[in-house]
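Coordinates in review
The residues making up each chain are set out below.
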Amino acid sequence: MSQQVVTRIAPSPTGFMHIGTARTALFNWLYARGRGGKFLLRIEDTDRARSTPEATEAILRGMEWLGLDIDGDVVSQFERATRHAEVAHQLLAEGKAYKCFASQDEIAAFREEAKAAGKSTLYHSPWRDATPETYPDAPYVVRIKAPRDGTTVIRDKVQGDVTIKNDTLDDMILLRSDGTPVYMLAVVVDDHDMGITHVIRGDDHLNNAARQMLIYEAMGWTLPVYAHIPLIFGPDGKKLSKRHGATGVEEYQQMGYPASGMRNYLARLGWSHGDDEFFTDAQAKDWFDLDSIGRSPSRFDFKKLDNICGQHIAATENAALLHELEAFLASTGLPALSEAKTSLFKLALPHLKERAKTYPELIDKAHFIMVDRPVVADEKSAKSLDTVSRGILKELTPHLQNVSWERTELEACLNAFAEDHDTKFGKLAAPLRAALAGRSATPSVFDMMLVIGRDETIARIDDAAA
Ligand code: GLU
């Protein structure tokens, strides 16, 4: 049996969850979930100034909203510092790392001289091969003994084979002079201890991979499979930033995009499955693999996001959609729907959910449900409530008293009524929209009538006609 896949997302807490982190998390989640594997979360919280509980919360909220469930407990990198140091000490004991007593001033002076002489500024510590008898009683850092010749090849699933000449790598520091481990060591030890089999992350970490591999090799650990994915660009081909639009996951949640649409859209950012644009989670889990990740940066296309989210809202089953709508209202601090409005929403959803890209759009289309009598017509729709049309509306209500409250009957009734008044239903529609919803753009008049029912329809028309 092949080994179980274990992936992870390892965000540094920055105060919010960037859309790029969300995409990386999604890829890791899809890869694991599609293979019966595990998806873990590690917070890279060694930068104590930025690593506030709130910053971690923001990541957890983003993951939860996106529906990216994690296995096991959240791992804190900072809390594992002792273990990271232990690995450095093991390498030291095995002669694969060494104590370097060079002071920072010495190294800085070396670099300056090398630069002035036009030579490589890569520092080669004189302590690499020193014997313990020569050690001074002074602070030291622990450095790895990196190979000086040959090459390191990162066999990357996205980038292909990336070859790094070993003479461009220095003896990287593993432990600082205060004994604390460096980030590069922490990542490797954590990934190893967490049993990570596949490291799928942004290609801004590709250079780190070569140095991290040295630690794997020194420890005799099996390398993970690497997949370094290109970053996300804005529509103009520059790195995605606030200039282009929202970059935080929570902003999309607040704008009312459905999480399912967001997952679908983010999956398409840099990965493809033939020409498929719209797909379900089940399909994405089934289809996702590392071979179909593109090598060039993807561009965030806000129109496409809208389009895909609209398709997801339309495809969501009514009860589930209502649930999502309620969660949206709660998350944005908007008042919850009353029981009465909820029942109306249930009736209206099949008509409302076509062509709404976000929950606020859906709620806007449901304005006729959200308003209470007397419905106040907005400026534009009020224009269609002149004396003539108010007179016609007044005549209409008795006809509505007796008609059976079904679409075909209502249509027949209103068409006949329009004909009697030498006009077409189209002419009646504007004053009816104004009466029922107080707006000129609404769902179909019949849909609104059927949803709010006979009594409310007649009462709103009477209000408008008065
Ligand atoms: N903490 C890194 C970041 O947020 C990710 C490191 C990794 O995936 O190895 O970019």
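Residues numbered from 1 in each chain as written. Predicted model: local features only at pLDDT ≥ 70, side-chain atom pairs only at ≥ 80, totals over all residues. Heavy atoms only, no water.

Inspection of the entire model under this criterion finds 16 aromatic pairs. Ring centres of Phe110 and Tyr123 lie 5.4 Å apart, and the angle between their planes is 70°; on these two criteria the pair is classed as edge-to-face. On the criterion of sequence distance, the pair formed by Phe110 in helix α4 (residues 104-116) and Tyr123 in the loop between α4 and β5 (141-144) is long-range, its members being 13 residues apart. A relative accessible area of 6% places Tyr123 in the buried class. Ring plane angle 25° and centroid distance 5.1 Å describe the contact between Phe425 and Phe446, whose orientation is recorded as stacked. (Phe/Tyr/Trp six-rings, centres within 6.5 Å; stacked < 30°, edge-to-face > 60°. Helix = DSSP H or I, 4+ residues; strand = E, 2+ residues; numbered from the N terminus. Buried < 20%, exposed > 50% of the residue type's maximum accessible area, 1.4 Å probe, protein only.)

Next up on the list: the nonpolar core. One finds Phe345, Phe368, Leu400, Leu432, Met449 and Ile461 to be the most contacted residues of the largest nonpolar core, which totals 47 residues. Tallying contributions element by element places helix α18 (residues 425-437) first for this core, with eight residues. The contacts of Leu400, once residues within four sequence positions are left out, are Trp405, Leu410, Cys413, Met449, Arg454, Thr457, Ile458 and Ile461. Judged by nonpolar contacts, the second largest core, of 46 residues, contains Trp29, Leu240, Leu290 and Phe300. (Core = buried A, V, L, I, M, F, W, Y, C linked by side-chain atoms within 4.5 Å. Contact = heavy atoms within 4.5 Å.)

Okay, the site of the ligand next. The environment of the ligand is made up of Arg8, Ala10, Pro11, Ser12, Glu44, Tyr183, Val187, Arg201 and His205. In this structure, a nitrogen atom belonging to the ligand sits 2.9 Å away from a side-chain N or O atom of Ser12. Note that a nitrogen atom of the ligand is positioned 2.6 Å from one of the side-chain N or O atoms of Glu44. Here the ligand has 300 Å² of accessible area as a free molecule, and 81% of this is covered by the chains. Structurally, the ligand is housed in the largest pocket. Of the residues assigned to the shell around the ligand, the class counts are four nonpolar, two polar and three charged. (Near = heavy atom within 4 Å. Polar contact = N/O pair within 3.5 Å; in protein donor to acceptor, adjacent residues only side chain to side chain. Areas by Shrake-Rupley, 256 points an atom, 1.4 Å probe, with all protein chains shown as cover. 1 Å grid on protein atoms, 1.4 Å probe; cavity = no way out; pocket = protein on both sides within 12 Å on 5 of 7 lines; lining within 4 Å. Sits in = over half its atoms within 2 Å of the grid points. Nonpolar A, V, L, I, M, F, W, Y, C, P; charged D, E, K, R; others polar.)

Backbone hydrogen bonds are what pair the strands of a sheet, in a parallel or an antiparallel way. Strand order in the open sheet formed by three strands is β4-β5-β8, with antiparallel pairing between adjacent strands. Each of the sheet's edge strands pairs with one partner strand only, and the pair in question is β4 (97-100) and β8 (173-175). The average angle at which neighbouring strand axes cross in this sheet is 40°, direction not considered. Each of β4, β5 and β8 touches helix α3 (residues 81-93); the most contacted strand, β8, lies at about 115° to it. (Pairing = 2+ DSSP bridges. Axes fitted to C-alpha atoms, helices over the stretch in contact; angles between N-to-C directions.)

With that settled, consider the pairing of strand β1 (residues 6-9). Residues of β1 alternate between two faces, with Val6 and Arg8 on one and Thr7 and Ile9 on the opposite face, all of them buried. In this sheet, strand β2 (residues 38-43) lies alongside β1 in parallel orientation, the contact comprising four bridges. The partner of Ile9 across the bridge, within β2, is Leu41. For the segment spanning β1, helix α1 (residues 19-33) and β2, crossover handedness is right-handed. (Right-handed = clockwise from strand over helix to strand, strands pointing away.)

Right, let's talk about the layout of surface pockets for a bit. Size it by volume and the largest pocket reaches roughly 650 Å³. Forming the boundary of the largest pocket are 28 residues, of which Gly20, Thr21, Thr24, Asp204 and His205 lie nearest the centre. Counting only elements with at least two residues in the lining of the largest pocket, the list comes to β1, α1, α5 (183-193) and β9 (198-202). Element by element, the count of residues in the lining of the largest pocket is highest for α1, at four residues. For the lining of the largest pocket, the class distribution of residues is 14 nonpolar, eight polar and six charged. (Points joined across faces, edges and corners; volume = space filled by probe spheres on them.)

This paragraph deals with the packing of α18 against helix α20 (residues 454-465). Relative orientation of the contacting elements α18 and α20 amounts to 105°, with a least axis distance of 8 Å. Judged by the angle between their axes, α18 and α20 are roughly perpendicular. Taken together, the residues of α20 that come into contact with α18 (itself represented by Leu432, Ala435 and Leu436) are Thr457, Arg460, Ile461 and Ala464. Here the residues of the contact of α18 with α20 are counted per class, giving five nonpolar, one polar and one charged. (Parallel < 35°, antiparallel > 145°, perpendicular 65-115°, else oblique.)

Turning our attention to helix α2 (residues 53-66). The terminal C-alpha atoms of α2 lie 20 Å apart, and with 14 residues this matches the ideal 20 Å at 1.5 Å per residue to within 8%. Of the residues making up α2, those classed as buried are Ala55, Ala58, Ile59, Gly62, Met63, Trp65 and Leu66. Those residues of α2 that are buried are in contact with β1, α1, β2, α7 (249-255) and α8 (259-268). Immediately downstream of α2, the backbone of Gly67 shows phi near 75°, a positive value. (Expected span 1.5 Å × (residues − 1).)

Quick look at the sheet that holds β1 now. Sheet architecture is open: three strands sit in the order β1-β2-β3, paired in parallel fashion. Edge strands, defined here as strands with exactly one partner in the open sheet, are β1 and β3 (75-76). This element, α1, spans β1 and β2 of the sheet and lies at about 165° to β1.

On to α8. α8 sits mainly inside the fold: 10 of its 10 residues count as buried. Those residues of α8 that fall on the buried side of the exposure criterion are Ala259, Ser260, Gly261, Met262, Arg263, Asn264, Tyr265, Leu266, Ala267 and Arg268. Within two residues after α8, Gly270 carries a phi angle of roughly 105°, on the positive side.

Here we come to the pattern of salt bridges. Pairs can form between side chains of opposite charge whenever their charged atoms are close. Summed over all chains, the structure comprises 27 salt bridges. Between Arg460 and Glu456 there is a salt bridge, and its shortest N-O distance comes to 2.8 Å. Here Arg460 pairs with Glu456, and both are found in helix α20, just four residues apart, close to one helical turn. Overlapping salt bridges, with partners in common, bring together Arg8, Arg42, Glu44, Arg80, Arg83, Glu86, Asp190, Asp191 and Asp193 in one network. (Salt bridge = Lys/Arg side-chain N within 4 Å of Asp/Glu carboxyl O.)

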